[in-house]
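Each chain is listed here by its residues.
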Amino acid sequence: QVQLVESGGGLVQPGGSLRLSCAASGSIFSINAMGWYRQAPGKQRELVATITSGASTNYADSVKGRFTISRDWVKNMVYLQMNSLKPEDTAVYYCNAHVRTTYYTATQNYWGQGTQVTVSS
């Protein structure tokens, strides 16, 4: 089994910054893409940013230029640096990873439990 644990959420004022972290652990043979998604109350979960095994990144238009995704290959961790936060960034942020647990198994999709980010004055 694979576990993803997020940390770093909290309350921040508009214009402020937060850094989210996600640690993957368990039966991991390899990790392909990792990413962050978010879900605001009453809305569907949406992509925030992803990073592939080749270090290619992809961002939602709403966060481009403000958020930066990065990854530590050795520690199986992914980070999301969030700057210039806006009230509309308020949501539960979820870590996602595409993981192979053995050489013979297909890639499976795993999710963390989520961490709350609230941007408010």
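Along each chain, residue indices are assigned from 1 in the same order as the chain's sequence is written. With the structure being a predicted model, the display of local features is reserved for residues of pLDDT at least 70 and the display and counting of side-chain atom pairs for 80 or more, all residues being used for whole-chain, interface and lining totals. Where side-chain values are given, they derive from all heavy atoms of the structure, hydrogens and water being excluded.

Novice: Report on the state of the cysteines, specifying residues and quantitative values.
Specialist: By definition, disulfides here are pairs of cysteine sulfur atoms that lie within 2.5 Å. Under the counting rule described, the total for this entry stands at one disulfide. The disulfide that involves Cys 22 links it to Cys 95, with 2.0 Å between the sulfurs. On the sign convention where negative is left-handed, the bridge of Cys 22 and Cys 95, at about -80° about the S-S bond, is left-handed. With a gap of 73 residues between them, Cys 22 in strand E3 (residues 18-26) and Cys 95 in strand E9 (residues 91-100) connect regions that are remote in the sequence. The exposure class of Cys 95 is buried, given its relative accessible area of 0%. Only runs of H or I of at least four residues qualify as helices and only runs of E of at least two qualify as strands under DSSP, and these elements are numbered from the N terminus. The cut-offs for exposure are 20% and 50% of the maximum accessible area for each residue type, with area from a 1.4 Å probe on protein chains only; residues under the lower value are buried, those over the upper are exposed, and the others partly exposed.

Novice: Tell me about the pattern of salt bridges, residues and numbers included.
Specialist: Salt bridges, as used here, are contacts in which a Lys or Arg side-chain nitrogen is within 4 Å of a carboxyl oxygen on Asp or Glu. In total, this model carries four salt bridges according to the counting rule given. A salt bridge links Glu 46 to Arg 38, with the shortest nitrogen-to-oxygen separation between them at 2.7 Å. Look at Glu 46 and you get partly exposed, because its relative accessible area is 37%. Residues joined in a network through salt bridges with shared partners are Arg 38, Glu 46, Arg 66 and Asp 89.

Novice: Please provide a residue-by-residue account of the nonpolar core, values included.
Specialist: For the purposes of this section, nonpolar cores are sets of buried Ala, Val, Leu, Ile, Met, Phe, Trp, Tyr and Cys residues that join through side-chain atoms within 4.5 Å. Counting residues in hydrophobic clusters, the biggest one holds 31 residues, and the most contacted among them are Trp 36, Leu 80, Met 82 and Tyr 93. Looking at this core, the elements that each hand over two or more residues are strand E1 (2-7), E3, strand E4 (30-39), strand E5 (46-51), strand E7 (67-72), strand E8 (77-82), E9 and strand E11 (115-119). At five residues, the largest contribution of residues to this core is made by E9. Contact between two residues is taken to exist if any of their heavy atoms lie within 4.5 Å; hydrogens are not considered. Sequence-distant contacts of Tyr 93, that is, excluding residues within four places in its chain, are made with Glu 6, Leu 20, Trp 36, Tyr 37, Arg 38, Val 48, Phe 67, Leu 80, Met 82, Gly 114, Thr 115 and Val 117.

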